[in-house]
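Coordinates in review
In case you want the letters, here they are:
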Amino acid sequence: MTDMIVEATVNGRRQRRPAEPFQRALDFLRDELNLTGTKEGCGAGECGSCSIFVDGVLVKSCLVPVAKIAGRQVDTVEGLARSGEMTAVQKAFHKAGASQCGYCIPGMVMAATAALRANPDADREEIKERLGGNICRCTGYQKIFDAVEMARDVLNGKLSASIFDEVDATDGKYIGVNVRRIDAPSKVTGALRYAGDMTMADMLHVQVLRSPHPHARIVALDVTAAERMPGVEAVITSADVPGQDGFGVFVHDQPVMARGKVRYVGEAVAAVAAESLADARRALAAIRVEYAPLPAVFDPEAAMAAGAPVLHDYAPDNLVKHIPIRKGDVEQGLRDAELIVEQTYETQPVEHAYLETEAGLAYVDHDGVVTVHSPSQNITHHRHMMARILNLPINKVRMIMSPVGGGFGGKEDMIYQGMLALLAMKSRRPVRLVFTREESIASTAKRHPSRTTYRMGLTRSGRILASQISIIYDGGAYGLSTEGVVRKGAILGGGPYNIPNIQIDTYGIYTNNTPSGAFRSFGSLQSQFATESHLDICAERLGLDPFELRLKNAMHTGDLTHTKQPLRSSSMSEVLEAARKVSRWESGVPNVRGAVRTDLGGEGARQPCTLTPRLSSENAEAPTARRGAA
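This write-up is about the structure you can find in this document.

Rules used in this analysis
- Residues numbered from 1 in each chain as written.
- Predicted model: local features only at pLDDT ≥ 70, side-chain atom pairs only at ≥ 80, totals over all residues.
- Heavy atoms only, no water.
- Pairing = 2+ DSSP bridges.
- Helix = DSSP H or I, 4+ residues; strand = E, 2+ residues; numbered from the N terminus.
- Axes fitted to C-alpha atoms, helices over the stretch in contact; angles between N-to-C directions.
- Contact = heavy atoms within 4.5 Å.
- Parallel < 35°, antiparallel > 145°, perpendicular 65-115°, else oblique.
- Left-handed = near helix turned anticlockwise from the far one by under 90°.
- Nonpolar A, V, L, I, M, F, W, Y, C, P; charged D, E, K, R; others polar.
- Core = buried A, V, L, I, M, F, W, Y, C linked by side-chain atoms within 4.5 Å.
- Buried < 20%, exposed > 50% of the residue type's maximum accessible area, 1.4 Å probe, protein only.
- Phe/Tyr/Trp six-rings, centres within 6.5 Å; stacked < 30°, edge-to-face > 60°.
- Lys NZ or Arg CZ within 6 Å of the ring centre and 35° of its normal.
- Polar contact = N/O pair within 3.5 Å; in protein donor to acceptor, adjacent residues only side chain to side chain.

Sheet strands pair by backbone hydrogen bonding; their relative direction is either parallel or antiparallel. Spatial strand order, β12-β21-β20-β19-β13: 5 strands in an open sheet with mixed pairing. Both outer strands of the open sheet, β12 (319–327) and β13 (339–347), are each paired with one neighbouring strand and no more. Adjacent strand axes in the sheet meet at a mean angle of 5°, parallel and antiparallel pairs treated alike. Pairing of β12 with strand β21 (residues 501–510) involves 8 bridges; the strand directions are antiparallel. Bridge pairing in β21 links L319 to I509. Set on the sheet, helix α14 (residues 482–491) makes contact with β12, β20 (464–476) and β21; between it and β12 the angle comes to about 15°.

Next up, the structure:
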């Protein structure tokens, strides 16, 4: 135990608690005082979700050593208003709909409060600047800026406070009507508890040992020394899985922890549940693993080649899924074409970067039901997989969806819930795991990288006669959502264009990269990027306006889709025409406009952003200098 005692005034109350020297102010507030409205998003002072006031100054609590708040006045989001009430800023966030997943919102509220205290008359540009240290991943910034302006005007008397209570009249209509989120008050006050905020009496903390190799056979795995260490209650490996060890969205090829070999850097090999995070981390260092490195492959085309390293015995060609689509006679269409354009397009892996990292809490209840709280986006499927993994009847497994602090598809995968359940069963105590930002980035699925090869034949007038498309998706080490991604990419691969002759082949391929998974658009973004980029290039080659080329080939009612279904309705031409009109599109071939365009910055259009500092030196005075009642 440490001899360090921290005394501080937190939310108006004097606090005196023991603390560890390595703790941050964030840890002290969350772990010692249970003030979980202060969130940890990045742990590096970049996202702002941990924003607090120290002596009235807005700071990132993940960057403040706990010793630095001793003797200071600390205010968190819970201290802005009395319990059950909200400040003007919080009411404005609720009214404006400025909270979606809500994970960043307590930090945003703190930053907005600081902005209005610093300058009660801040305009929108200054508000943007003062909130520049806070990141949002799903609400979008416009409603947040709207909320801060609304709070400013109410505080300045330009708006009546009654605006906070006004609701849109539905008048029998539902579409286009603003509806208050019923969970918004809990988000703007920091009261909502995400999985990483949850605690239980007698709870253990979990840490995971991960592979340093992209591809290696596990020769030996010895956890006996870790099991004997003080504070350690349970250590698990794949040997502790009692049932069918495999999970995934379409193919259940990923073990709860590496079984026999590892297939990517960051794959879980063992997990420890201990009295403290420090105990668990020390135990990880005592686990002995002997690896025999294997040849690895990181490029999907190389993985398709004969003789490439094989990741899974059931797929000797490293193929997760191939989807072929055929319509018409592509070779004849290309022969009839007056212009053939060939090009290859690539997209990269993309991190979801939801502000709430993966987290979960598990326990075995008095009836022997294994219960897991986690921000799962696929809770029923997870429950069925968990029952098979644990070899339990379905009624003995309970999965509870905690608030999701951003998902975007990335939380469809059940990558850690199995470890939590096994540790709860083995220790017979509640266990909690919260990923660090680094762990989240290193071990969880990304958007599928892709390589699209396009061959398109057109007439000189711009009619598409044939398209030949190959899309190779890098699925990474395990299947997860790859099959669905490949299917969606194939169906939408040719774009919304009426092409009489089309051949599409999409492939999902295993590699030793971090697994790829679901992400917004689910595989179609990659193919749409290729299609639309290709049409722009074709427009250049043909000397046509890009809108004209698309209108010439747009699908209409009665046309056959690429998978040969007749379209009962299509409004694509109307949508394109409307988009061309409202954007004041400057007609012409893409490569002849020059440096200046006439269709930008017109009436009703948002002005382009500037990257230079917007605050004048006069407005950028110390934040405590002009403190209002925000």
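On to the packing of helix α16 (residues 546–553) against helix α17 (residues 572–582). Interhelical geometry of α16 versus α17 gives an angle of 165° and a closest axis separation of 10 Å. Classified by the angle between their axes, α16 and α17 sit roughly antiparallel to one another. Remark: the crossing between α16 and α17 carries left-handed chirality. Judged by residue contacts, F547, E548, R550 and L551 of α16 engage S573, L576, E577, A579 and R580 from α17. The residue makeup of the contact of α16 with α17, split by class, is 4 nonpolar, 1 polar and 4 charged.

Now for the nonpolar core. F93, I105, M108, V109, L131 and I144 are the most contacted members of the largest nonpolar core, which totals 44 residues. Those elements that provide at least two residues to this core are α2 (88–96), α3 (105–118) and α5 (141–155). A total of 9 residues in this core trace back to one element, the largest contributor, which is α3. Beyond its immediate stretch of four places on either side in the chain, I144 contacts F93, A98, I105, M108, L131, C136 and T139. Membership of the second largest hydrophobic core comes to 36 residues, among which are F247, M399, I415 and A445.

Attention now goes to the environment of I389. Summarising the element assignment, I389 is placed in helix α11 (residues 379–390). Sequence separation between I389 and P242 is 147 residues; the distance between their C-alpha atoms is 6.7 Å. Look past the residues within four positions of I389 in its chain and what remains in contact with it is V241, P242, G243, Q244, G246, F247, V256 and M414.

Under the defined criterion, the tally for this structure stands at 8 aromatic pairs. Taken together, a centroid distance of 6.2 Å and an interplanar angle of 80° make the contact between Y314 and Y510 edge-to-face. Placement of the pair is Y314 in the loop between α9 (300–304) and β12 and Y510 in strand β21, with a sequence separation of 196 residues. Seen in terms of ring centroids, Y416 and F435 are 5.4 Å apart; in terms of plane orientation they differ by 55°. Their pairing is tilted. Highlighted residues: Y416 in the loop between β16 (397–401) and α12 (417–427) and F435 in the loop between β17 (431–434) and α13 (437–443), separated in sequence by 19 residues. Comparing Y416 with F435, the two get one shared label, buried. Above the face of the Y354 ring, K411 is positioned so that its terminal group lies 4.3 Å from the ring centre. Taking NZ or CZ as reference, R447 lies 4.0 Å from the ring centre of F519, over its face.

Glancing now at the side chain of R580. Turning to its location among the elements, R580 is positioned in helix α17. Given a relative accessible area of 17%, R580 falls into the buried group. Looking at R580, its side chain comes within polar contact range of the side chain of E548, at 2.7 Å. Those residues in contact with R580, other than ones at most four positions away along the chain, are D545, F547, E548, L551 and W585.

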